[in-house]
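Per-entry structural report
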Amino acid sequence: MSAAWQGRRVLVTGHTGFKGAWLSMLLLHRGATVHGISLPAEAGSLFETALLQELVTSVTCDLRDPSHLREEVKRADPEVVFHLAAQPLVLRSYADPQESWATNVMGTLHLLEALRALDRPLTLVVTTTDKVYAGAPEAGAFRESDRLGGHDPYSASKAACEILLQSHRASFLDEAGIRLGVARAGNVIGGGDWAPDRILPDLVRARLAGRPLELRHPEAVRPWQHVLDPLNGYISMAESLEKGEALPAALNFGPDPEDERTVAELVSEAERCWPQDHGSPPSPVAAPPRQREAARLALSTDLVRRSLGWRPKWGFAQSVEQTMQWYRGVCEGASARAVTEAQIALFEAA
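Residues numbered from 1 in each chain as written. Predicted model: local features only at pLDDT ≥ 70, side-chain atom pairs only at ≥ 80, totals over all residues. Heavy atoms only, no water.

Our focus in this paragraph is the sheet that holds strand 4 (residues 80–83). What the seven strands build is an open sheet, ordered 3-2-1-4-5-6-11; its pairing is parallel. The open sheet has two edge strands, strand 3 (57–60) and strand 11 (250–253), and neither has a second partner. On average, each strand axis in the sheet is inclined to that of its neighbour by 20°, with strand direction left out of account. Where strand 4 lies against strand 5 (residues 122–127), four bridges are found, and the strand directions are parallel. The residue of strand 5 that forms the bridge with Val-81 is Leu-124. Of the strands in this sheet, strand 1 (9–13), strand 2 (33–38) and strand 3 are in contact with helix 3 (residues 66–76), which crosses strand 2 at around 175°. Helix 8 (residues 228–242) contacts strand 4, strand 5, strand 6 (178–185) and strand 11 of the sheet and is inclined by roughly 160° relative to strand 6. (Pairing = 2+ DSSP bridges. Helix = DSSP H or I, 4+ residues; strand = E, 2+ residues; numbered from the N terminus. Axes fitted to C-alpha atoms, helices over the stretch in contact; angles between N-to-C directions. Contact = heavy atoms within 4.5 Å.)

Put into structure tokens, the structure is as follows:
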């Protein structure tokens, strides 16, 4: 590992969330000093069970409160910022669209203005999603130049967030010396994700409760990847920006094309990695779809490979295996922090 992160002051927004907790631990592993701004951690979250409050400076702050956010950003005084805080759930965005728009768009604007108020150069990586694209891809997989859009409130708000970022980059950020990178990641899996309506957390909950797993879109194809792969990409993006290297406005982070699999294949592989100890596991059952979803989502990663030399370290089978090993280990009493740190060490050695 390089010494690029030793002692660096890094701010992670959304650090109590699934990806934010993994990113915080990965940055700590590389020697950074991590300051987090987020809503309170949910009970049973990775942040809580891994006792990350012992390792990072953690502040509770709602991005929708610009005055409080500006105070906390000034207090953190970051050199590098990773903006992960968001309302990230499609179904929740249908239930409360105002929350999604206020958090994902206005919350991001409040952060940009708080960073500008520092009045000095810094590096900012903002994560969005593979769902920012409109319609079907023109060439089989979405490329960064494809049209932005979004059917559901979550996707549309993240696409709007990117338009905001483009405007602020041109109007303010370049002049202020704020080096901006935008990362679009595919469907991420990994231990410690307990969000509702996500396949592997739903599978684990069904396993523990002894009930069937409901699958709403078993034939849907998605770009599954282990959480550490895109996070490693975000860090590489920040390092490149720190060096003053020119990068495309946004980059896709996704698996190799052969690792795009259906929901049913993901479940089958997960059950192979954590077989039922006694008898047969409850069979998945069909459930009526609750919202419109694309039959296939695929991301072209040609641009990020050329720009950063990034590619995923773990393929589909290893990503699922590590994910299910995490859940099985923690459900059987292992330390969430120890299991997470062991997987980070394994990933770094790959």
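There is more to say after this.
Interaxial distance between helix 7 (residues 199–209) and helix 11 (residues 316–331) falls to 11 Å at its minimum, and their mutual angle equals 35°. In this structure, helix 7 meets helix 11 at a crossing whose hand is right-handed. Contacts between helix 7 and helix 11 involve Leu-200, Pro-201, Leu-203, Val-204 and Leu-208 from the former and Thr-323, Met-324, Tyr-327 and Cys-331 from the latter. Among the residues forming the contact of helix 7 with helix 11, the class breakdown is eight nonpolar, one polar and no charged. (Left-handed = near helix turned anticlockwise from the far one by under 90°. Nonpolar A, V, L, I, M, F, W, Y, C, P; charged D, E, K, R; others polar.)

Within the largest apolar cluster, 62 residues are counted, with the highest numbers of intra-cluster contacts made by Trp-5, Trp-22, Leu-27, Phe-82 and Met-324. Apart from the residues within four sequence positions on either side, Trp-22 is in contact with Leu-46, Gly-191, His-226, Val-227, Leu-228, Leu-231, Trp-326, Thr-340, Gln-343 and Ile-344. By size, the runner-up hydrophobic cluster in this structure holds 27 residues, among which are Ile-37, Leu-69, Ala-114 and Cys-161. (Core = buried A, V, L, I, M, F, W, Y, C linked by side-chain atoms within 4.5 Å. Buried < 20%, exposed > 50% of the residue type's maximum accessible area, 1.4 Å probe, protein only.)

This structure, assessed with the given rule, holds 24 salt bridges. With a shortest N-O distance of 2.6 Å, Arg-8 and Glu-242 are connected by a salt bridge. Of this pair, Arg-8 sits in the segment before strand 1 while Glu-242 is found in helix 8, placing the two residues 234 residues apart along the sequence. Exposure remark for Glu-242: the relative accessible area of 26% places this residue in the partly exposed category. (Salt bridge = Lys/Arg side-chain N within 4 Å of Asp/Glu carboxyl O.)

What follows concerns unusual backbone geometry. Even without a glycine there, the phi angle at Asp-77 is positive, about 50°. Judged by relative accessible area, which is 30%, Asp-77 ranks as partly exposed. For Asp-119, which is not glycine, the phi dihedral falls at a positive 60°. Here Asp-119 is to be found in the loop between helix 5 (97–116) and strand 5. A relative accessible area of 70% means that Asp-119 is categorised as exposed.

All right, on to the environment of Ala-95 then. Structurally, Ala-95 is set in helix 4 (residues 90–95). A relative accessible area of 69% places Ala-95 in the exposed class. Residues Ala-95 and Glu-42, 53 residues apart in the sequence, show an inter-C-alpha distance of 19 Å.

Our focus in this paragraph is the packing of aromatic side chains. Within the structure shown, the criterion is met by seven aromatic pairs. Between the aromatic rings of Trp-5 and Phe-82, the centroid separation amounts to 6.1 Å while the plane-to-plane angle is 40°, which identifies the pairing as tilted. You can see Trp-5 sitting in the segment before strand 1 and its partner Phe-82 sitting in strand 4, a full 77 residues away along the chain. The residues Trp-5 and Phe-82 share a single accessibility class, namely buried. Between Trp-194 and Tyr-327, the ring centres sit 5.1 Å apart and the planes meet at 75°, which makes this aromatic pair edge-to-face. Separated by 133 residues along the polypeptide, Trp-194 in the loop between strand 7 (188–189) and helix 7 and Tyr-327 in helix 11 bring together distant segments of the chain. (Phe/Tyr/Trp six-rings, centres within 6.5 Å; stacked < 30°, edge-to-face > 60°.)

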